[in-house]
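Observations on chain architecture
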Amino acid sequence: MTKCIHCGLDCGKNPVIFDNNPFCCEGCSMVYQILQEKKMNRYYTMMPTPGIRLDQDNTAGTRYAFLDQTEVRTQLLEFSDGGISRVNLFIPGIHCSSCIWLLENLNTLHTGVIHSNVNFVRKEVTITFRDAEISLRQLVELLHTIHYIPELSHSTKKKDEHQHTNRKMLMKIGIAGFAFGNIMLLSFPDYLPGGEHVDQLMAGTFGIVSFILALPVVTYCSSDFFLSAFKSLRKKIINIDLPISLGILALFLESSWEIFNGYGPGYMDSLAGLLFFMLIGRWYQGKTYESLSFDRDYRSYFPIAVTRIKEGIEDFVQLKDIEKDDVILVRNSELIPSDAILLEGEGSIDYSFVTGESFPVSKKTGDFVFAGGRQTGAALLLKVEKAVEQSYLTRLWNEEKVGESEKAGMQSVVNKVSHYFTIVILTLATGALIYWSFFDFGKAVYVFASILIVACPCALALTIPFTFGNVMRVFGRNGFYIRNTEVIEALTHTDTVVFDKTGTITHARSMNISWEGKPLSETEIQWTRSLARNSTHPLSVMIGEWLPESKVVIADYFREIAGLGITGVVDGNTIMIGSRRFITGNDEAVASRLSTVYLSINHTIKGFFTLENRYREGLTEVVKGFEHYNIHLISGDNDAERSNLRDIIGSDESLHFNQGPANKLSYIRNLKSQGKRVIMIGDGLNDAGALLSADVGITIADDVYHFSPACDAILQSSQFGRLHEFIRFSRSAMKIVYSGYTISFLYNIVGLAFAVQGLLSPVVAAILMPLSSITIVSFSTFSVRILAGLKNLHS
C-alpha cells in the first residue's frame, strides 16, 4: 500500500505524484507545495503524515463570501480597531504537534497575519491580522486551503454542546449499568456451587440474552474509546484508549465464541462491568476538572479596580461591580476593562495586550473603545457599553508569553513517559497472552484484558494539573493570584529575588506629605491636581489625593516619562511634576527617608513635595524568609536611603539606584545569563520589561489596583508579609506531586503483578483503573488543603 506523505491515507492505484512523492489527492499535493514554497518543511519532520485530508473539493470558491458582510464580521471578531483585528476560531482538525506548529506560523504563509495562538485542548486558534492585507474571508480561505477548516457556528453552540456531551455520557453510563446488572443476574448461577447442573438449554438462552445485552455496551457505550484509538492509529500515535479498546474487543470476541459454541457464558458480565466503572471514572474526572475551573472567572483572580464616577464622586470599585452605562475614569497606563464609548478626553489606545502590536490608536469623543486596550496619555471618561466579560481578560493574560514555549516543564516530561508507558503495557500484555495460550486460551484472553485495563498512566498525568490547580485555588483565596499552573513550578526552581522600591517595598500611599516652597494659589493647586490625576504612579496618586479638592480640568496634553515624572498642559499652562533631576537637572542625593517630588509651572520651579517612605509591614520578615536566596534591590530613585536599606537587605553590593526601565531589564537579563532563576517583584509601571524577562514576575496590588499584563502573578499588598510563605508552599506542593507519582507507579506495579498471574479479573481491573485516578485527585486535593491548614492559609 502506497501512503500519502501528507495525510497517511492509501493513495490507491493511481497516486498523485509531485516532487517524487505520492499523494492521495490534488488537495494534499497542493498543501505540500504551499509548505515547500514557504520553506515550512519542519511540518513533516515533527510528526510523520501529520496532515488532514479534505473530503470535499479543496477550493473554497464563494463558500465564505458571507464573511464580507459587516454584520457577520462584527459578530465573529473579538476585536477590530486601528486596522488590526482578532478572531477566535474552532478548528476540529487540530490533532497533533505539527498542527500546532503550522497554525502558530501562519504569518509565514501570509504577511497579513501578525501572530496566532493555539489552544490544543479546546481545538481553537486565536489569530491577530491586519485588515488592509488580509480580510476575515481571506483568512478563513487560507485555513481552508491548508485543510484546517473552522466551524464558524461553533461559538454560538458551545454551551449546548457541553450540555449535550454531559447527557450523552450519562446515557452511556445508564445503559452500561443496566446491562451490567442484568447480565450479572443471568450469570448468578455460574458463581454458585452446582451451577454446572443448570439445564443446558436454559444456560444457552442466558448466554444469548447476555450477548444481546452486551451489544449496545460494545457498540455504543465504548464508541469513544474505539474512535479515539482509531484516530490515533491513523496518525501513528499510541494513546491510552488503544489498550482499553483491545481489552474490550478481546473480552467480547472470546465471550461470543464461547457462548455460540456452547462452552459457557464467557465474560459478558465482566465486559459490561468494565465499561460501567470506566465510564463512571471518566465522568468523575471530567466533573473534577470543571470544579477546578482552569478557565476560571477572572473576577476572582484579577484584583484590579477601576475608578467609577457617580454623581460627580470618584470611587474605586472592583471589576465585578461595573455595569452597563457606568461612567469610568481611565488614567494613563490603565487597562480599559470593558467595551465602552469615549465621553471626554483624547484617547491614544495601546492594544498590545490584545493584538501584540504596540502602535497607539487615536480616539476622539464618541468613538468606540475595545476592552483590553491601555490608555497612553491624559485620563479618559468612558461610558461602559458592555458588561465585563468573565473570561476575556483572563484568556489574554493566560496567552503564552514570548519565549515561554521554549520552557519544557515537568508536564511535558510526564506526557512523554505516558506515551512510552502505553507501548510497554501493550508489549507486556501480548507476552502474557502468548504465555497463557499454552495452558488455557480463555484464561489467556482474561489475563490479556486485565493487564490492558488495570495499567493506566492517567493517574500519572493527572498529578500536576490537580495538585497545582488546587494550589492556585488556595493562593487565590489568600490574595496571591497566579497566571497559570506553570508559574507554580517556576517558583519552585527560583534562587534569586529582585525588589523594586517605590510602591513595592514602600507603601503606595504615604501617611505624611508636606509642601516645601512658595505657597500655591488655588488655581495652581487645581492645575497640579488635574495633571497628577492622569497618572497611576504611587507618588502622583498620593499627591493628587493630598491636595485640596478642586474642580478637575482636562489636560490638553499629557506625557509620563518612566523613571522621571509627568508633564502636561492644563488651561494653557505647562505643568511638570517629577524627580529633582527631571525638574532641576540636578541629582544630588540627600540622606533622608523622604522622597521628594518637584513641581514646575510654566518653567518656574515652585518647590517640592516631601513624602515619607514608610516600608511595608512584614518587609523584614519577607527578607528573612528569603535567607537562602540572593536578594537584590533596584530602584529608579537616588541612593538617599542606601543606609536604611542596607540594614534591611544586608548587602550594599545588591543595592542599585537611579535605574531606569532599560537598566532594570538589563539587570534581570544579566542575572539570568549567570544561571540565576529570578523572581522580579515590582509595581508594573517602570519595570514591565523586567517583569516579563524574569522567570517569575510579581506585581503588588494596593488599594488602587494596577494590573500589568507582563506579570505572572499579582499579590495583594495586605499579603506582602507572606510572600515567602507562598514560595515555600509551592515547594511543599512539589513534594505532593512527587508523592502522587509514587502512588501512581506503585498502583501500576502491584496491579500488573496480580494481572500477569491471572489473579485479577477485568471487572476488578475496571474498578481499580478509575479508582487510581480518583485516589490521585483526592490525595492531591486533601493534601493541599491539609498543607494550607498547617500554613494558616484559607483553603
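So, here's what we can say about the structure.

Parameters and conventions
- Residues numbered from 1 in each chain as written.
- Predicted model: local features only at pLDDT ≥ 70, side-chain atom pairs only at ≥ 80, totals over all residues.
- Heavy atoms only, no water.
- Pairing = 2+ DSSP bridges.
- Helix = DSSP H or I, 4+ residues; strand = E, 2+ residues; numbered from the N terminus.
- Axes fitted to C-alpha atoms, helices over the stretch in contact; angles between N-to-C directions.
- Contact = heavy atoms within 4.5 Å.
- Core = buried A, V, L, I, M, F, W, Y, C linked by side-chain atoms within 4.5 Å.
- Buried < 20%, exposed > 50% of the residue type's maximum accessible area, 1.4 Å probe, protein only.
- Parallel < 35°, antiparallel > 145°, perpendicular 65-115°, else oblique.
- Nonpolar A, V, L, I, M, F, W, Y, C, P; charged D, E, K, R; others polar.
- Phe/Tyr/Trp six-rings, centres within 6.5 Å; stacked < 30°, edge-to-face > 60°.
- Lys NZ or Arg CZ within 6 Å of the ring centre and 35° of its normal.
- Expected span 1.5 Å × (residues − 1).
- Arc of directions from axis to C-beta.

Some remarks on the sheet that holds strand E5 (residues 113-119)
- Reading across the sheet, the four strands line up as E3-E4-E6-E5 and stay open at both edges, with antiparallel pairing between neighbours. Only two strands of the sheet have a single neighbouring strand rather than two, namely strand E3 (77-81) and E5. For this sheet, the mean angle separating the axes of adjacent strands, direction not counted, is 15°.
- In terms of strand pairing, strand E4 (residues 84-90) meets strand E6 (residues 124-130) through seven bridges, oriented antiparallel. Bridge pairing links Ile 84 to Arg 130 in E6.
- Contacts from helix H6 (residues 136-145) reach E3, E4, E5 and E6 within the one sheet, and its direction differs from that of E6 by about 135°.

Points about the nonpolar core
- Core analysis: the largest hydrophobic core is formed by 53 residues, its most contacted members being Ile 248, Met 268, Leu 271, Leu 274 and Ile 451.
- Ranked by the residues each element gives to this core, the list is headed by helix H15 (residues 441-454), at 10 residues.
- Residues Val 497, Ile 631, Ile 649 and Val 737 belong to the second largest nonpolar core, which totals 47 residues.

What about the packing of helix H17 (residues 485-492) against helix H25 (residues 723-756)?
- Running from N to C, H17 and H25 cross one another at 100°; their axes reach a closest spacing of 8 Å. One finds that H17 runs roughly perpendicular with respect to H25. Facing Ile 488, Leu 491 and Thr 492 of H17, the residues of H25 in contact are Ile 727, Ser 730, Arg 731 and Met 734.
- Residue classes in the contact of H17 with H25 are distributed as four nonpolar, two polar and one charged.

Here we look at the sheet that holds strand E25 (residues 655-656)
- Reading across the sheet, the seven strands line up as E16-E28-E27-E26-E17-E24-E25 and stay open at both edges, with mixed pairing between neighbours. Bordering the open sheet on either side are strand E16 (480-482) and E25, each of which pairs with just one other strand.
- Summarising the sheet, strand E26 (residues 678-682) and strand E27 (residues 696-701) pair through four bridges and their orientation is parallel. Bridge pairing in E27 links Ile 679 to Val 696.
- Strands in contact with helix H23 (residues 661-673) are strand E17 (496-499), strand E24 (630-634), E25 and E26; relative to E24, the strand with the most contacts, it is inclined by about 165°.

Focus: the packing of aromatic side chains
- Scanning all chains against the criterion turns up 17 aromatic pairs.
- Look at Phe 180 and Phe 276: their rings are 6.1 Å apart centre to centre, the planes differ by 25°, and that puts the pair in the stacked class. Taken as a pair, Phe 180 in helix H7 (residues 158-187) and Phe 276 in helix H11 (residues 268-292) lie far apart in primary sequence, 96 residues in all. For the pair shown, Phe 180 and Phe 276 are each scored as buried.
- The side chain of Lys 172 reaches across the aromatic face of Tyr 220, ending 5.3 Å from its centre.

Overview of H23
- Counted at 1.5 Å a residue, the expected span for H23 with its 13 residues is 18 Å, and the 19 Å between its end C-alpha atoms agrees.
- Turning to H23, its buried residues are Lys 664, Leu 665, Tyr 667, Ile 668 and Leu 671. Relative to the axis of H23, the buried residues are bounded by an arc of 160° and lie together on one face. Facing away from the buried surface of H23 by more than 90 degrees, the exposed residues are Ala 662, Arg 669 and Ser 673.
- The positive-phi residue at the C-terminal boundary of H23 is Gly 675, with phi of around 90°.

Concerning the side chain of Ser 783
- Residue placement: Ser 783 occurs in helix H26 (residues 762-790).
- The class for Ser 783 is buried, based on a relative accessible area of 17%.
- Not counting residues within four places of it along the chain, the set of residues in contact with Ser 783 comprises Ile 736 and Ser 778.

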